[in-house]
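Reading the structure
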Amino acid sequence: MSEIEAYLQQQTNLSGRSAYDVDQPLELWQTQLRTRVQERLGDFPTAPVALNPVVLERVPCDGYIRERIEITTYAGLRMPIYLLIPEHVSATDTKRPAIVACHGHGYGSREICGMEPDGSPRVGEPGLHKDFAVALVKRGYVVAAPELLGFGDRRLDEDREAPPGASSCTKIAAHLLMVGQTLAGHRVYETIRVLDYVSTRPEVDSERIGSMGISGGGLVTAFTAALDERCKAVVVSGYASTFHGSILDRNHCLDNYIPGILQEAELPDIIGLIAPRPLFLEIGSEDLVFPLHSAREAHERLKIIYEHAGAEQALDADYFNGGHEISGAKAYDWLEQVL
């Protein structure tokens, strides 16, 4: 180990002052840590702006209706969302559970909704996302798939001619960091606004809203659920890890870096803010982005937190044979049991 590596290890090992101590009240620790995590993300507006939703399109699909909605998140910032509604569901029916589905790096919300980058029906392989928003709507959920800031239709103009999978993450994140904000925080707050919108839909049971995300969308899903208890059941795929075991161990997109976050807690403790609500981890045995050893470490830490929350049965995981990808083999059935 070089002198520089040793120095960096020493600095980052001085972190995690708010790791959960089993001798302290869990709820008090969670309340205090939530506040500090939100501050590290860049804090959020003190009062939400009006959503002002607009329906951009409504398309019949195989077994469901696909709407493209646009809402206001921050003042001056609009977000497109795909809303997938099971066929024959109406406001007069029994209200349905909903899932907020967050894509990872790629070409945005179309990638999890069975479409090519131009919005045409998919003709190729679905890739790591496995069209999981479509899989969920076909199981009877109303699914909201937001376009995360920096991807798809929400790239900077200068990136519009780049390949569909290229993002604007680095430049957006850099600008936000210079004013004390973070791209992670913006995506989390915008996803909270998606919860606001989904809760207004007549088809949705607002007491049965879950969330699921992969990779960078796993970050958004985990942090959103950690801060907002309206997420009643959570599936985190290809993200549960430790900061030391993944984010600090290899080169990641700038959207993963949150200044000072290690002075608050390691990643498993932040995910542990979801307890005692149901949490399911998807962990690929060959995941090279969030590797198996750090995912196991995170899972073991979460077991301790859930045990002290009296909710051991609410935490589950699928260690599946695969890489950095959605599985769904056990997660979809698990959601049906808990949501």
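A brief look at the structure comes next. The structure presented is a predicted model; accordingly, all values stated were derived computationally and were not measured.

1. A look at empty space enclosed by the protein
The probe, sized like a water molecule, is rolled over the atoms to show the empty space still left. Summed over all chains, the structure comprises 1 cavity of 30 Å³ or more. Its boundaries defined by the atoms lining it, the largest cavity holds a volume of some 40 Å³. By residue class, the composition of the lining of the largest cavity is 5 nonpolar, 2 polar and 2 charged.

2. Digging into the pairing of strand β2 (residues 64-72)
Among the 9 residues that make up β2, 8 are buried, leaving the element largely enclosed by the rest of the structure. Relative to β2, strand β1 (residues 54-60) is paired through 6 bridges, and the arrangement is antiparallel. Bridging across to β2, Glu57 finds its partner in Arg68. Adjacent in sequence and paired antiparallel, β1 and β2 are bridged by 3 residues, among which Gly63 carries a positive phi angle near 90°. Between β2 and strand β3 (residues 78-86), which pair antiparallel one after the other, the connecting turn spans 5 residues, and Gly76 there sits at a positive phi close to 85°.

3. Section: the side chain of Glu67
The residue Glu67 is located in strand β2 in this model. Glu67 gets classed as buried once you look at its relative accessible area, which sits at 5%. Among the polar contacts listed, one links the side chain of Glu67 to the side chain of Arg58, at a separation of 2.3 Å. Apart from the residues lying within four places of it in its own chain, the contact partners of Glu67 are Glu57, Arg58, Ile81, Tyr82, Leu83, Ile85 and Arg201.

4. What to know about the packing of helix α2 (residues 26-40) against helix α6 (residues 216-227)
α6 packs onto α2 with a crossing angle of 135° between their chain directions and a minimal axis gap of 10 Å. In this view, α2 runs oblique relative to α6, as classed from their interaxial angle. Remark: the crossing between α2 and α6 carries left-handed chirality. Contact residues: α2 offers Arg34, Val37 and Gln38, while α6 offers Phe223, Ala226 and Leu227. Its residues assigned to classes, the contact of α2 with α6 shows 4 nonpolar, 1 polar and 1 charged.

5. What about the packing of aromatic side chains?
Scanning all chains against the criterion turns up 4 aromatic pairs. On the numbers, 5.2 Å between centres and 40° between planes, the contact of Phe44 with Tyr189 is tilted. Here Phe44 is found in the loop between α2 and β1, whereas its partner Tyr189 is found in helix α5 (residues 183-200), with 145 residues between them in sequence. Each member of the pair Phe44 and Tyr189 is classed as buried. The interplanar angle of 45° and the centroid separation of 5.3 Å between the aromatic rings of Phe280 and Trp334 together place this pair among those described as tilted.

6. Quick word on the sheet that holds strand β8 (residues 279-284)
Across the sheet, 9 strands lie side by side as β1-β2-β3-β5-β4-β6-β7-β8-β9; this open sheet has mixed pairing. With partners counted over all chains shown, the strands left at the sheet margins are β1 and β9 (315-320), one partner each. Strand-to-strand twist of the sheet, defined as the mean angle between neighbouring strand axes without regard to direction, takes the value 20°. Here β8 runs beside β9; their pairing, made up of 6 bridges, is parallel. Looking at the pairing, Leu279 lines up with Leu315 of β9. With respect to the sheet, helix α9 (residues 292-308) is in contact with β8 and β9, its orientation differing from that of β9 by roughly 165°.

7. Some points on unusual backbone geometry
Residue Pro276 is reached from Ala275 by a cis peptide bond, and omega for that bond is 10°. Relative to the helices and strands, Pro276 resides in the loop between α8 (267-271) and β8. Notably, Asp43 is not glycine yet its phi reads approximately 60°, a positive angle. With respect to the helices, strands and loops of the structure, Asp43 is situated in the loop between α2 and β1. Classification of Asp43 by relative accessible area gives partly exposed; the value is 35%. In the Ramachandran plot, Ser215 falls in the positive-phi region, its phi being about 60° despite a non-glycine side chain. Classification of Ser215 as buried rests on a relative accessible area of 10%.

About the thresholds
Residues numbered from 1 in each chain as written. Predicted model: local features only at pLDDT ≥ 70, side-chain atom pairs only at ≥ 80, totals over all residues. Heavy atoms only, no water. 1 Å grid on protein atoms, 1.4 Å probe; cavity = no way out; pocket = protein on both sides within 12 Å on 5 of 7 lines; lining within 4 Å. Points joined across faces, edges and corners; volume = space filled by probe spheres on them. Nonpolar A, V, L, I, M, F, W, Y, C, P; charged D, E, K, R; others polar. Buried < 20%, exposed > 50% of the residue type's maximum accessible area, 1.4 Å probe, protein only. Helix = DSSP H or I, 4+ residues; strand = E, 2+ residues; numbered from the N terminus. Pairing = 2+ DSSP bridges. Polar contact = N/O pair within 3.5 Å; in protein donor to acceptor, adjacent residues only side chain to side chain. Contact = heavy atoms within 4.5 Å. Axes fitted to C-alpha atoms, helices over the stretch in contact; angles between N-to-C directions. Parallel < 35°, antiparallel > 145°, perpendicular 65-115°, else oblique. Left-handed = near helix turned anticlockwise from the far one by under 90°. Phe/Tyr/Trp six-rings, centres within 6.5 Å; stacked < 30°, edge-to-face > 60°.

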